Amino acid sequence: MRASQYLIATLKETPADAEVVSHQLMLRAGMIRKLAAGLYTWLPLGLRTLRKVERIVREEMDAAGAQEVLMPAIQPAELWQESGRWEQYGPELLRLSDRHNREFCVGPTHEEVITDLIRRELRSYKQLPANFYQIQTKFRDEIRPRFGVMRSREFIMKDAYSFHTDRDSLQETYDRMYQAYCNIFTRLGLDFRPVLADTGSIGGSSSHEFHVLASSGEDDIAFSDSSDYAANVEMAEALPLGSRGAATEELRLVDTPNAKTIAQLVEQFNLPIEKTVKTLVVAASDECEAELIALVVRGDHELNEIKAEKLPQVAAPLRMATEEEIRRVFGAGPGSLGPLNLPIPCIIDRSVETLSDFVVGANIEDKHYFGLNWERDLPVPAVADLRNVVEGDPSPCGGGTLSIKRGIEVGHVFQLGSKYSNAMSATVLDENGKAVIMEMGCYGIGVTRVVAAAIEQNYDDKGIIWPAALAPFSVALVPLNYDKSEAVQAKADELYAALKAAGIDVLMDDRKERPGVKFADIELIGIPHRLVVSDRGLGNGVLEYKGRCDAESRDIAVDDAVEFLKQQLA
RNA sequence: CGGGGUGUAGCUCAGCCUGGUAGAGCACUGUCUUCGGGAGGCAGGGGUCGUAGGUUCAAAUCCUGUCACCCCGACCA
């Protein structure tokens, strides 16, 4: 490609509303432009990278035995009503009506459509297992789209759905997809980890998210320092910590008029925060006799809402009690609650069970109990794992301790089971001629997000540093004085033709710009290899080569250039 | 949805408090000089100041409504 005939829409200044590096650099490098909140146009340069991701995904999906299809972006409401998601899905589902007033939605995902297709097309267990995928535009009406293409409303996703007669077959395909995903992200040159994930409301036995590690990520991932264990913090089990110490303090009621939060309490009374507890009140389930139930975690810990929601005594979905509810039941406000003299049932976190001489709200306005001890002052209530793990916790894998890093979720593999096939009666006949509900798996990759994630992981102060597989162009051929020097022009044209003939993606910067401008643009865009053609070099029979990350350039004999680049790209 | 902020040239922003002829840098057009790290000079083009209304002799500036965008939170899995 000749830069003079190509839209190089680079920006010197960083647009004001771009927060994260990938967003800033994608705008500055001229990869994308915003149309409206969460909607982006891909410019030629950005699209080249996007297509490279798609191609790798396609190759690996095909290699793993999946078949490509393309489903409509617009889907009829009936299918969603059949699965029950028309009601379940909130405003994130963009709904619309056609001229006949029939209801549709813009697909945020395609379980319904594929299940409908498969139940019509597949009759026999002999046709299974089968795995279908597509690369297609989705729409989720995010409340707050942000970070450019990282969390946009419209985005491109590779979604695959597999069908099986039994769980073993599902597990087999799941494992194959897991491996395919590892292959894909490895080929893309990303530092990624598969992590155990929550299966959410859908249930199912197994789920892994694939995260690209980057400090700007929106998810916290817990890693063991002694094994491969990695899990979304939502999922990681918080093991009990040590054992309870002996009581040494008297129980006493203390006035704490200005301590409404743990932070204030700790500061005003100079307490160690791990000797305090937070008492949170949530709606109880039908299994509970009371309407509300108290959940107690250590002052320095956070309640894990997913773990809490899974407890039989707790109402799902989790709902925090309102201040009025709390005052009605306790006669005290949320800042003064505690497990002693509690009018409702109570569940404490494992780490709370091991406390001694600790501080709790007294359930009396502006008062706390100091020096509380289990057994002596009150019986130990129900104990459960209620909190998010924190840095330094013991790893649930049995050895080592956890560290926590930020990740960007770029892929998710999921065993759906029979949720959709059951709701939509997707069956095949088995060996006995009996209709059986198919088991399903689903496997997604955020294609557009991968592009942003790759940048989050690979950039410097000059711009993007593309992994080889993602670079929009592999080589930048930069002739200096192209318009003036016949020698430069002739040699550059010759090299350009030769590189193209060798199948190399080359961008020749034949623009009438000063060298500094060209160099800056090439670096911003992140092209991995740069070859400069100049009168000065040609006089010595050399070209000047510089890799994107090299500190210095080096001279290459003119005649060796094409071969040299082939080697660099191999 | 709650809280905060911003809308002035393609981009980054000043001007608004204290009303009085709409600005700068970058980008763009022409031209001259320069020519290996985002050049300099000269000459240009480009803005109903988001939008609607109000106050006023006079509104980018003050007031009210409205729309859009951004940030924080909640929501969502």
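Residues numbered from 1 in each chain as written. Chains lettered and ligands numbered in written order. Predicted model: local features only at pLDDT ≥ 70, side-chain atom pairs only at ≥ 80, totals over all residues. Heavy atoms only, no water.

Another point: helix α16 (residues 561-569). Along α16, the residues classified as buried are Ala561, Val562, Phe564 and Leu565. Angular distribution of buried residues about the axis of α16 spans 160°; they occupy a single face of the element. Contact partners of the buried residues in α16: β26 (475-479), α13 (486-501), β28 (529-533), β29 (542-547) and β30 (554-557). (Buried < 20%, exposed > 50% of the residue type's maximum accessible area, 1.4 Å probe, protein only. Helix = DSSP H or I, 4+ residues; strand = E, 2+ residues; numbered from the N terminus. Arc of directions from axis to C-beta. Contact = heavy atoms within 4.5 Å.)

Here the focus is the layout of surface pockets. Roughly 1,700 Å³ of volume is contained in the largest pocket. Along the walls of the largest pocket sit 49 residues, with Tyr89, Glu92, Arg140, Glu409 and His412 positioned nearest its centre. Looking at the lining of the largest pocket, the elements with two or more residues in it are α4 (85-88), β8 (154-164), α8 (305-310), β20 (402-417), α11 (419-423), β23 (439-446) and α12 (447-457). Per-element accounting of the lining of the largest pocket gives the leading share, eight residues, to β20. Among the residues making up the lining of the largest pocket, the classes are represented as 18 nonpolar, 14 polar and 17 charged. Taken as a whole, the second largest pocket encloses approximately 290 Å³ of empty space. Lining the second largest pocket are 17 residues, and of these Ala468, Ser474, Pro528, His529 and Leu569 sit closest to its centre. Those elements that provide at least two residues to the lining of the second largest pocket are β29 and α16. (1 Å grid on protein atoms, 1.4 Å probe; cavity = no way out; pocket = protein on both sides within 12 Å on 5 of 7 lines; lining within 4 Å. Points joined across faces, edges and corners; volume = space filled by probe spheres on them. Nonpolar A, V, L, I, M, F, W, Y, C, P; charged D, E, K, R; others polar.)

Scanning all chains against the criterion turns up one cavity of 30 Å³ or more. The volume enclosed by the largest cavity comes to roughly 60 Å³. Taken together, Ile522, Glu523, Ile527, Pro528, His529, Arg530, Lys546, Gly547 and Arg548 make up the lining of the largest cavity. Counting residues per element, the ones that place at least two in the lining of the largest cavity are α14 (515-525), β28 and β29. The residue makeup of the lining of the largest cavity, split by class, is three nonpolar, two polar and four charged.

Charged atoms that come close allow side chains of opposite charge to pair. Enumeration over the complete set of coordinates arrives at 41 salt bridges. In this structure, aspartate 98 engages arginine 102 in a salt bridge whose closest nitrogen and oxygen atoms are separated by 3.5 Å. Note on aspartate 98: relative accessible area 24%, which makes it partly exposed. One salt-bridge network, held together by shared partners, links Arg55, Glu59, Glu60 and Arg187. (Salt bridge = Lys/Arg side-chain N within 4 Å of Asp/Glu carboxyl O.)

Counted according to the given criterion, the structure contains eleven aromatic pairs. Here the aromatic rings of tryptophan 80 and tyrosine 89 are separated by 5.5 Å at their centres, their planes lie at 80°, and the arrangement is edge-to-face. The exposure class of tryptophan 80 is buried, given its relative accessible area of 0%. A cation over a ring is seen here: lysine 405 above phenylalanine 223, with NZ or CZ 5.4 Å from the ring centre. Directly above the aromatic system of tyrosine 420 lies the positively charged group of lysine 419, at a separation of 5.5 Å from the ring centroid. (Phe/Tyr/Trp six-rings, centres within 6.5 Å; stacked < 30°, edge-to-face > 60°. Lys NZ or Arg CZ within 6 Å of the ring centre and 35° of its normal.)

Where helix α2 (residues 44-63) contacts helix α6 (residues 167-187), the two axes come as close as 9 Å, and the packing angle between them is 150°. Relative to α6, the element α2 lies roughly antiparallel. Relative to α6, α2 is oriented so that their crossing is right-handed. Across the interface between the two elements, Ile56, Val57, Glu59, Glu60 and Met61 of α2 pack against Met177, Ala180, Tyr181, Asn183, Ile184 and Arg187 of α6. (Axes fitted to C-alpha atoms, helices over the stretch in contact; angles between N-to-C directions. Parallel < 35°, antiparallel > 145°, perpendicular 65-115°, else oblique. Left-handed = near helix turned anticlockwise from the far one by under 90°.)

Moving on: the protein's contact with RNA strand B. The immediate surroundings of RNA strand B are formed by 30 residues, with Ile143, Arg144, Glu523, Ser534 and Glu544 found nearest. The share of sugar and phosphate among atoms of RNA strand B within 4 Å of the protein is 45%. At 3.0 Å from a base nitrogen of RNA strand B is found a side-chain nitrogen or oxygen belonging to glutamate 13. At 3.0 Å, a side-chain N or O of glutamate 92 approaches a sugar or linking oxygen of RNA strand B. Of all the elements, α14 adds the most residues to the surface near RNA strand B, at seven residues. (Near = heavy atom within 4 Å. Polar contact = N/O pair within 3.5 Å; in protein donor to acceptor, adjacent residues only side chain to side chain.)

By size, the foremost hydrophobic cluster in this structure holds 68 residues, and its most contacted members are Met26, Met31, Tyr181, Phe185, Leu188 and Trp466. The dominant element in this core, judged by the number of residues it contributes, is α6, at eight residues. Those residues in contact with phenylalanine 185, other than ones at most four positions away along the chain, are Leu190, Phe192, Phe210, Val410, Gly411, Ile445 and Val450. The next biggest cluster of nonpolar side chains, apart from the first, holds 27 residues, and it includes Trp80, Phe414, Val436 and Met438. (Core = buried A, V, L, I, M, F, W, Y, C linked by side-chain atoms within 4.5 Å.)

Attention now moves to the sheet that holds strand β4 (residues 74-76). Strand order in the open sheet formed by three strands is β4-β6-β5, with antiparallel pairing between adjacent strands. Only two strands of the sheet have a single neighbouring strand rather than two, namely β4 and β5 (94-97). Averaged over all pairs of adjacent strands, the angle between their axes in this sheet comes to 35°, without regard to strand direction. Taken together, the four bridges between β5 and strand β6 (residues 103-106) define a ladder with antiparallel strand orientation. What sits directly across from serine 97, in β6, is glutamate 103. (Pairing = 2+ DSSP bridges.)

Here we take up a negative patch on the surface. A grouping of Asp166, Asp168, Glu172, Asp175 and Glu431 is seen on the molecular surface, where their side chains present a negatively charged patch. Assignment of secondary structure puts aspartate 168 in helix α6. The exposure class of aspartate 168 is exposed, given its relative accessible area of 60%. (Patch = residues over 30% accessible without salt bridge, like charges linked within 9 Å, V, L, I, M, F, W, Y side chains within 5 Å. Areas by Shrake-Rupley, 256 points an atom, 1.4 Å probe, with all protein chains shown as cover. Lys, Arg positive; Asp, Glu negative; His and termini not counted. Charge placed at Lys NZ, Arg CZ, Asp CG, Glu CD.)

Turning our eyes to something else, we now look at the environment of valine 57. Here valine 57 lies in helix α2. The buried category is assigned to valine 57, whose relative accessible area is 0%. Between the C-alpha atoms of valine 57 and alanine 180, which are 123 residues apart in sequence, the distance is 8.8 Å. Once residues lying within four places of it in the same chain are set aside, the contact partners of valine 57 are Ile135, Lys158, Ile184 and Ile445.

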